[in-house]
Amino acid sequence: MKKIALITGATSGIGEATANLLAENNFNLILTGRREDRLSDLKEKIQHESGSEVLTLKFDIRNSAETEQAINSLPDNWKNIDVLINNAGLAVGFSSIADGATDDWGRMIDTNIKGLLYITRLVSQQMVKRGEGHIVNISSIAGRETYPMGNVYCATKHAVQSLTKGLRLDFLKHGLKVSSVCPGAVDTEFALVRYKGNEERAREVYKGYTPLNAEDVAETILFVVTRPKHVNIDDILVMPTDQAYSRDFNRNE
Ligand code: NDP
Ligand code: 8X3
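It should be emphasised that the depicted structure is a prediction, and the values quoted were computed from it without experimental measurement. (Residues numbered from 1 in each chain as written. Chains lettered and ligands numbered in written order. Predicted model: local features only at pLDDT ≥ 70, side-chain atom pairs only at ≥ 80, totals over all residues.)

Draft legend 1. How the structure looks around unusual backbone geometry. Phi at Asn26 is positive, roughly 75°, even though this residue is not glycine. Mapped onto the secondary structure, Asn26 falls in the loop between helix H1 (13-24) and strand S2 (27-33). At Met149, a residue that is not glycine, the phi angle is positive and equals roughly 75°. Tracing the sequence through the fold places Met149 in the loop between strand S5 (134-138) and helix H5 (151-171). Among the residues examined, Met149 registers 16 C-beta atoms within 10 Å and is labelled partly exposed. (Helix = DSSP H or I, 4+ residues; strand = E, 2+ residues; numbered from the N terminus. Buried ≥ 20, exposed ≤ 12 C-beta atoms within 10 Å, placed from the backbone.)

What follows is the structure, encoded as structure tokens:
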């Protein structure tokens, strides 16, 4: 029988690549995000290309009530989620705290920390009841190091690292697995979102070195979720060969 994986933020980048790869590797998928058209297109593509079944849920993960309604709406045969991949997340802005925009901070904190908590609380309840399940948090090199002007984004990813450890400790006695995947720079829509649609600025982020692509991270996630029952990958750092710490390439920053 195929396992069920729920991937948040499956409408682009790492989430989308992970959806495609898990579908090729015998997972049925629950895919979430706010952009409904992209969710429908991805569902159609995956169902056409692989034998996997896909269910989509459109909601804003910052909204606790919407998140709860979406998870409660799952039909009985989709309720037992085996793997939760907490991938939805973003950086917004790039500035010192003195120049920071409080709305930008709110978007990052509400998505990367509070959204992750809302869905993890709901999905972990049935995992605890069953005594099995795997929670994978997509963290970042920014969860291990802090770089200039990255203050609040880095703080949210440090929080994800801390929550990963907290979940691991809480769920040890329930037999759940908990993992953190920390990528370095990945060429996705991440920079476009951070620079609020400024394509030229976003392109500069990936100039002068070879970043990871979303499929590289998806392969790491596949490895993490396909280890034997007795093996838990607690925390894994996957970096571009050209990047040895958070800011050692020329990003004009
Ligand atoms: P993308 O911008 O390509 O994808 C982000 C995904 O998050 C989208 O599917 C988006 O869906 C979803 N998302 C954002 N906000 C919300 C929200 N409020 N509610 C629901 N879904 C939301 O970026 P990446 O693929 O790069 O990012 C994925 C994760 O990887 C993030 O957590 C990011 O912090 C992390 N990461 C990225 C790195 C990089 O260099 N790219 C490096 C290290 C970590 P939609 O807009 O449809 O809601
Ligand atoms: C995203 C990678 O280095 O831009 O988490 O923070 S970085």
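Draft legend 2. The site of ligand 1, seen in detail. Gly9, Gly13, Arg34, Gly89 and Phe190 are the nearest of the 27 residues found near ligand 1. Listed by contribution, the elements that provide at least two residues to the shell around ligand 1 are H1 and helix H6 (190-194). Here the element with the most residues in the shell around ligand 1 is H1; it accounts for three residues. Of the residues that constitute the shell around ligand 1, the class distribution is eleven nonpolar, eleven polar and five charged. (Near = placed C-beta within 6 Å. Nonpolar A, V, L, I, M, F, W, Y, C, P; charged D, E, K, R; others polar.)

Draft legend 3. Here's a closer look at the sheet that holds strand S4 (residues 83-86). The seven strands lie next to each other as S3-S2-S1-S4-S5-S6-S9, forming an open sheet whose pairing is parallel. In this open sheet, the two strands that pair with only one neighbour each are strand S3 (54-58) and strand S9 (235-238). The mean inter-strand angle of the sheet, taken between neighbouring strand axes irrespective of direction, is 15°. Strand direction decides the pairing type here: S4 and S5, joined by four bridges, are parallel. Of the residues in S5, the one forming a bridge with Asn86 is Asn137. Where helix H8 (residues 214-225) meets the sheet, it contacts S4, S5, strand S6 (177-183) and S9, and its direction lies at approximately 160° from that of S6. (Pairing = 2+ DSSP bridges. Axes fitted to C-alpha atoms, helices over the stretch in contact; angles between N-to-C directions. Contact = placed C-beta atoms within 7 Å.)

Draft legend 4. Representation of the packing of H1 against H8 in the model. Closest axis-to-axis distance for the H1/H8 pair is 8 Å, and the angle between their directions is 55°. With respect to their mutual orientation, H1 and H8 come out oblique. Considering only the axes of H1 and H8, their crossing is right-handed. Only Ala214, Glu215, Val217, Ala218, Glu219, Ile221 and Leu222 of H8 make contact with H1, whose side of the interface consists of Gly13, Ile14, Glu16, Ala17, Thr18, Leu21 and Leu22. In terms of residue class, the contact of H1 with H8 is built from nine nonpolar, two polar and three charged. (Parallel < 35°, antiparallel > 145°, perpendicular 65-115°, else oblique. Left-handed = near helix turned anticlockwise from the far one by under 90°.)

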